[in-house]
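# Observations on chain architecture
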Amino acid sequence: MEEILQVGVITSTHGLRGEVKVFPTTDDAARFRRLKEVILDTGEEKMLLEIQGVKFFKKFVILKLKGIDSIDEAEKYRRKSLFVTRKNAVPLRRDEYFVADLVGLRVIDDMDQELGVLTEVLQTGANDVYVVKMKDGREALIPAIKQCILNVDVEGGLIRVHILEGLLD
């Protein structure tokens, strides 16, 4: 399981005092109000930064991060990802999982036949869809609904699914 989880990507600067505009990659952008710190991955190092201010603008989050005090300093971090530690992540409800924990899990059907590996989770609005790279090279799209997803064992690295009729045709 991942020890740090992505919550956003810095898209641009905002203003002259070092604020950054962040595209949230979390389901709940309001969670930034409760965060005290984020991890900035510069590509060369991971920096733990204190959050000094949070604002919202359309679909973006505007962050003021301690130590980034000018537009020139903020500009260096465009297209860089922001993460939180697992302990600072949003608590999950029953049958909820972090996408980072699902990607890479083996997928088997209810007859114990190995189908392939989960490569991506599509968020469609109604329900998530699991993209499974099949052993034969095809991709299967499996809706993340109770009728299809029978069991998820993150620690065991396995998802057990029921394939609805016509799903693999």
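Positions within a chain are numbered from 1, following the residues in the order the chain's sequence is written. Restriction of local features to residues with pLDDT of at least 70 applies here, the model being predicted, together with a cutoff of 80 or more for giving and counting side-chain atom pairs; totals for whole chains, interfaces and linings are based on all residues. Computation of side-chain values covers all heavy atoms of the structure but excludes hydrogens and water.

### A word on the overall build of the chain
- Each helix corresponds to a stretch of at least 4 residues labelled H or I by DSSP, and each strand to a stretch of at least 2 residues labelled E; elements are numbered beginning at the N terminus. Broken down by element type, the chain carries two helices and twelve strands.
- Its C-alpha atoms put the chain at 60 × 30 × 30 Å along the principal axes.
- If you take every contact in the chain between residues at least 6 apart in sequence, the share linking residues at least 24 apart comes to 48%.
- All accessible-area figures derive from a Shrake-Rupley calculation using a 1.4 Å probe, and residue coverage is judged against the displayed protein chains alone. Working note: accessible area of the chain is about 10400 Å², and carbon and sulfur atoms make up 48% of it.
- Side-chain charges of the chain comprise 26 positive and 29 negative groups, with the mean position of each set lying 8 Å from the other. Contact criterion: two residues are considered in contact whenever any of their non-hydrogen atoms come within 4.5 Å of each other. None of His or the chain ends enter the tally, which takes Lys and Arg as positive and Asp and Glu as negative. Every charge is mapped to an atom, namely NZ of Lys, CZ of Arg, CG of Asp or CD of Glu.

### A look at the environment of Pro24
- For Pro24, the position within the fold is in strand β2 (residues 19-24).
- Remark: the alpha-carbon pair of Pro24 and Gly8, spanning 16 residues in sequence, is separated by 4.1 Å.
- Not counting residues within four places of it along the chain, the set of residues in contact with Pro24 comprises Val7, Gly8, Ala29, Phe32, Lys59, Phe60 and Val61.

### Quick word on the pattern of salt bridges
- Any carboxyl oxygen of Asp or Glu within 4 Å of a side-chain nitrogen of Lys or Arg constitutes a salt bridge here. One pass over the full model with this rule turns up 14 salt bridges.
- We note a salt bridge from Asp101 to Arg86, for which the minimum N-O separation is 2.8 Å. Linking Asp101 in helix α2 (residues 99-102) with Arg86 in the loop between β6 (81-85) and α2, this pair joins segments that are 15 residues apart in sequence.
- In this structure, Glu96 and Arg93 form a salt bridge, with 3.0 Å as the shortest nitrogen-oxygen distance.
- What you see here is one network of salt bridges that share partners, running through Arg94, Asp95 and Lys146.

### Quick look at the pairing of strand β3 (residues 37-41)
- Two strands pair when backbone bridges link them, and β3 and strand β4 (residues 46-57) are joined in this way by five bridges, in the antiparallel orientation. Bridging across to β4, Leu40 finds its partner in Met47.
- Between β3 and β4, which pair antiparallel and follow one another directly, the connecting turn spans four residues, one of which, Gly43, has a positive phi of 100°.
- Here three bridges tie β3 to β6, and the two strands are oriented antiparallel to one another. From the neighbouring strand, Leu40 faces β6, where its bridge partner is Leu82. Strands pair, by our definition, only if DSSP identifies at least two bridges between them.

### Overview of the sheet that holds strand β10 (residues 139-143)
- Taken in spatial order, the six strands make up an open sheet running β10-β9-β8-β7-β12-β11, and their pairing is mixed. Edge strands, defined here as strands with exactly one partner in the open sheet, are β10 and β11 (149-153). Going across the sheet, the axis of each strand differs from the next one's by a mean of 35°, ignoring polarity.
- Sheet topology note: the strand β7 (residues 106-109)/strand β12 (residues 158-161) ladder contains four bridges and is parallel. Within β12, the residue paired with Ile108 across the bridge is Arg160. To define axes, lines are fitted to C-alpha atoms, for helices over the stretch in contact only, and angles between the resulting N-to-C directions are given on a 0 to 180 degree scale.

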